[in-house]
Amino acid sequence: MERPNTNACGQGDGRLPGRCAPLAFPYVPMQEPDPPRYDNAMALQTGTLFPGLNLPFKATMTDRLKTNNTALAELMALDFAVDELGLYLTTHPEDQEVLQLYWSYIRLAREGREKYQQMYGPLLQTDVTEKDGYAWLRDPWPWEKGGND
């Protein structure tokens, strides 16, 4: 038994309130190899490492989202860059320049994390050691007043 067509719109059309419209065929274009990149601070402020992926509403927020230049902000920027470069490398694994940048940022992030933890204590609960007890709870936390001095 054939079902009756309850769609008043034609094939290839969909409903909008009060009218019909053509169906959309979404796609995601591939980013070109070796695209321009923001520096770490700008990437953290805009939410992307690549200017070509910058969303229009993010551009208006750039001046409002200034990040203090602290050790924690630098680690956040490095981690962000590693994530962005990793996403790019997922679709561009042959880009050797970006691959080298990716590994250098990973090394910098590891070194920075070690120095940060020596100065301020663990960043994650899993970074505590048995000899320190549960040092995670010692004050002040890095984001509290005096915690990043």
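Treat the numbers as computed from the prediction; the structure is a model and nothing was measured. (Residues numbered from 1 in each chain as written. Predicted model: local features only at pLDDT ≥ 70, side-chain atom pairs only at ≥ 80, totals over all residues. Heavy atoms only, no water.)

Undergrad: Just to check I follow, could you spell out the pattern of salt bridges for this structure?
TA: Once their charged atoms are close, side chains differing in charge can pair, the charge on each being opposite to the other. A full pass over the atoms with the stated rule returns three salt bridges. For arginine 37, the salt bridge is made with aspartate 34, and the minimal N-O distance between the two is 3.8 Å. Residues aspartate 79 and arginine 113 are paired through a salt bridge, measuring 2.5 Å at the closest nitrogen-oxygen approach. In this pair, aspartate 79 sits in helix α3 (residues 71–91) while arginine 113 sits in helix α4 (residues 96–120), placing the two residues 34 residues apart along the sequence. With relative accessibility at 28%, the residue aspartate 79 sits in the partly exposed group. (Salt bridge = Lys/Arg side-chain N within 4 Å of Asp/Glu carboxyl O. Helix = DSSP H or I, 4+ residues; strand = E, 2+ residues; numbered from the N terminus. Buried < 20%, exposed > 50% of the residue type's maximum accessible area, 1.4 Å probe, protein only.)

Undergrad: It is not clear to me how the packing of aromatic side chains should be interpreted in this structure. Could you clarify?
TA: Geometrically, a pair of aromatic rings is defined through the distance of the ring centres and the angle of the planes. Applying the stated criterion across every chain, the model contains two aromatic pairs. Ring centres of phenylalanine 50 and tyrosine 88 lie 5.4 Å apart, and the angle between their planes is 40°; this geometry places the pair in the tilted category. Separated by 38 residues along the polypeptide, phenylalanine 50 in the loop between α1 (40–46) and α2 (56–61) and tyrosine 88 in helix α3 bring together distant segments of the chain. (Phe/Tyr/Trp six-rings, centres within 6.5 Å; stacked < 30°, edge-to-face > 60°.)

Undergrad: How do you make sense of the state of the cysteines when you look at a structure like this?
TA: In a disulfide, the sulfur atoms of two cysteines are covalently bonded to one another. Enumeration according to the criterion identifies one disulfide in this entry. Covalently, cysteine 9 is tied to cysteine 20 through a disulfide, its sulfur atoms 1.9 Å apart. Judged by the sign of its S-S torsion, about -85°, the bond between cysteine 9 and cysteine 20 is left-handed. One end of the pair, cysteine 9, is in the segment before β1 (13–16); the other, cysteine 20, is in strand β2 (residues 19–22), with eleven residues separating them in the sequence. Note on cysteine 9: relative accessible area 6%, which makes it buried. (Disulfide = S-S within 2.5 Å.)

Undergrad: Looking at this structure, how should I read the nonpolar core?
TA: In a soluble, globular protein the nonpolar side chains are often hidden away together inside. Leu49, Phe50, Val82, Leu85, Val98, Tyr102 and Tyr105 are the most contacted members of the largest nonpolar core, which has 15 residues in total. Per element, the largest residue contribution to this core is seven residues, and it comes from α3. Beyond its immediate stretch of four places on either side in the chain, leucine 85 contacts Arg37, Leu49, Phe50, Val98, Leu101, Tyr102 and Tyr105. (Core = buried A, V, L, I, M, F, W, Y, C linked by side-chain atoms within 4.5 Å. Contact = heavy atoms within 4.5 Å.)

Undergrad: Where do I start with the side chain of threonine 48 in this structure?
TA: Mapped onto the elements, threonine 48 comes out in the loop between α1 and α2. Taking relative accessible area as the criterion, threonine 48 reaches 4% and is therefore assigned buried. Engagement of the side chain of threonine 48 in a polar contact is seen with the backbone nitrogen of phenylalanine 50, the distance being 3.2 Å. Within the structure, threonine 48 has its side chain in polar contact with the side chain of glutamate 84 (distance 3.0 Å). Discounting chain neighbours no more than four positions away, the residues touching threonine 48 are Tyr38, Ala43, Leu53, Asn54, Phe80 and Glu84. (Polar contact = N/O pair within 3.5 Å; in protein donor to acceptor, adjacent residues only side chain to side chain.)

Undergrad: Is there a simple way to think about the confidence of the model for the chain in this case?
TA: A low pLDDT means the predicted coordinates there should not be read in detail. Mean pLDDT for the chain: 78, with 74% of residues reaching 70 or above. Across the chain, the secondary-structure element scoring lowest on mean pLDDT is α2, at 54, and the one scoring highest is α4, at 91. (pLDDT = per-residue confidence, 0-100.)

Undergrad: Mind showing me how you'd approach α3 here?
TA: Think of an α-helix as 3.6 residues a turn; residues three or four steps apart then line up on the same face. Taking 1.5 Å of rise per residue, the 21 residues of α3 would be expected to cover 30 Å, and the 31 Å separating its terminal C-alpha atoms lies within 8% of that figure. If you check which residues of α3 are buried, you get Leu72, Ala73, Leu75, Ala77, Leu78, Phe80, Ala81, Val82, Glu84, Leu85, Tyr88 and Leu89. Packed against the buried residues of α3 are α1 and α4. (Expected span 1.5 Å × (residues − 1).)

Undergrad: Any chance you could explain the pairing of β2 here in plain terms?
TA: The pairing of β1 with β2 spans four bridges and is classified as antiparallel. Bridge pairing links leucine 16 to arginine 19 in β2. The turn joining β1 and β2, which pair antiparallel and follow one another in sequence, is formed by two residues; a positive phi near 85° is taken by glycine 18. (Pairing = 2+ DSSP bridges.)

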